[in-house]
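Observations on the three-dimensional arrangement
The primary structure of each chain is shown beneath.
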Amino acid sequence: MNHQSTNEGLPEESDQDRELRETLGTALGTAQEHIQQNGGFFPFGITMSNDGELRIVMIAPGEPDENGDVDAGQMLNDVHDLLRQGRDDFRAIAVVSDVSLPDHGSDGIHGAAEHRNGDVLAAIIPYSPTADGFAFSAMEPDTHEPSIWVD
């Protein structure tokens with residue numbers, strides 16, 4: 001009997017691809033947990049340090065406006081600024097935010113991972129409220145331009 005690997009003929013996943021996938025997957029999964037527990041989330045980042053450890057990066061929301069709304073766009077900018085400042089300590093980062101998806105008629109999680117070598121991986125996960133919590137649709141690829149390791 002011949003026991004061939006099921007991966008035969010497939011390209012080997014690079015360290016960068018694995019690190020991007022792991023960082024983005026952790027960020028998207030964490031965002032899903034926050035939605036299930038809290039009904040939403042503020043933008044945050046996940047970093048992979050030079051030694052491979054994953055950490056969450058969150059910032060405190062600013063003061064709510066007169067309508068009680070927090071400026072999530074400014075928070076997203078602040079997360080990016082913080083990650084750019086510490087980028088020498090990271091191999092990869094991912095940033096997630098809660099977005100409106102008009103084409104889907106729902107909200108969604110947008111996640112973008114970036115590797116210090118310039119590779120980018122991005123995805124969205126549409127979601128909608130249900131009687132029991134939230135229903136998440138299949139992850140869809142998305143586009144994203146590098147924003148952390150750029151000067």
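See the structure printed just above.
Note that the coordinates shown come from a computational prediction; the quantities given were computed from them, not determined experimentally.

1. Overview of the nonpolar core
Among the nonpolar cores identified, the biggest contains 16 residues, and Leu28, Ala31, Phe41, Phe44, Val96 and Ile109 are the most heavily contacted of them. For this core, the secondary structure elements donating two or more residues are helix 1 (15-38), strand 1 (44-49), strand 3 (90-101), strand 4 (106-115) and strand 5 (120-130). When residues of this core are assigned to their parent elements, the largest contribution, six residues, is made by helix 1. Those residues in contact with leucine 28, other than ones at most four positions away along the chain, are Val96, Ile109, Gly111, Ala123, Ile125 and Met139. Counting nine residues, the second largest nonpolar core, distinct from the first, contains Val57, Phe90, Val95 and Ile148.

2. Quick notes on the environment of leucine 83
Mapped onto the fold, leucine 83 is located in helix 2 (residues 72-85). Every residue in contact with leucine 83, bar those within four places of it in the chain, is listed here: Thr47, Val57, Phe90, Ile93, Val95 and Ile148.

3. Looking at the pairing of strand 3
In terms of residue burial, strand 3 counts as a mostly covered element, since nine of its 12 residues are buried. Two elements, strand 1 and strand 3, share six bridges in a ladder whose sense is antiparallel. When the sheet's bridge partners are listed, glycine 45 is paired in strand 3 with valine 95. Relative to strand 4, strand 3 is paired through 10 bridges, and the arrangement is antiparallel. Residue pairing in the sheet places valine 96 in a bridge with glycine 111 of strand 4. Counting the residues in the hairpin turn of strand 3 and strand 4 gives four residues, including glycine 105, whose phi is positive at 70°.

Parameters at a glance
- The written sequence of each chain sets the order in which its residues are numbered from 1.
- Side-chain atom pairs in this predicted model are given and counted only at pLDDT of 80 or more, local residue features only at pLDDT of at least 70, and totals for whole chains, interfaces and linings cover all residues.
- To get the side-chain values, all heavy atoms of the structure are used, and hydrogens and water are removed first.
- Buried Ala, Val, Leu, Ile, Met, Phe, Trp, Tyr and Cys residues form a nonpolar core when they are joined through side-chain atoms within 4.5 Å.
- Per-residue accessibility, obtained with a 1.4 Å probe over protein chains only, is compared with the maximum for each type, and a residue is labelled buried under 20%, exposed over 50%, and partly exposed between these values.
- The way it works is that DSSP assigns letters per residue, a run of H or I at least four long becomes a helix, a run of E at least two long becomes a strand, and they are numbered from the N terminus.
- The contact rule is simple, with two residues in contact once any of their heavy atoms fall within 4.5 Å.
- Two strands form a pair only when DSSP identifies at least two bridges running between them.

Everything listed here is a matter of coordinates, which is why it stays silent on function.
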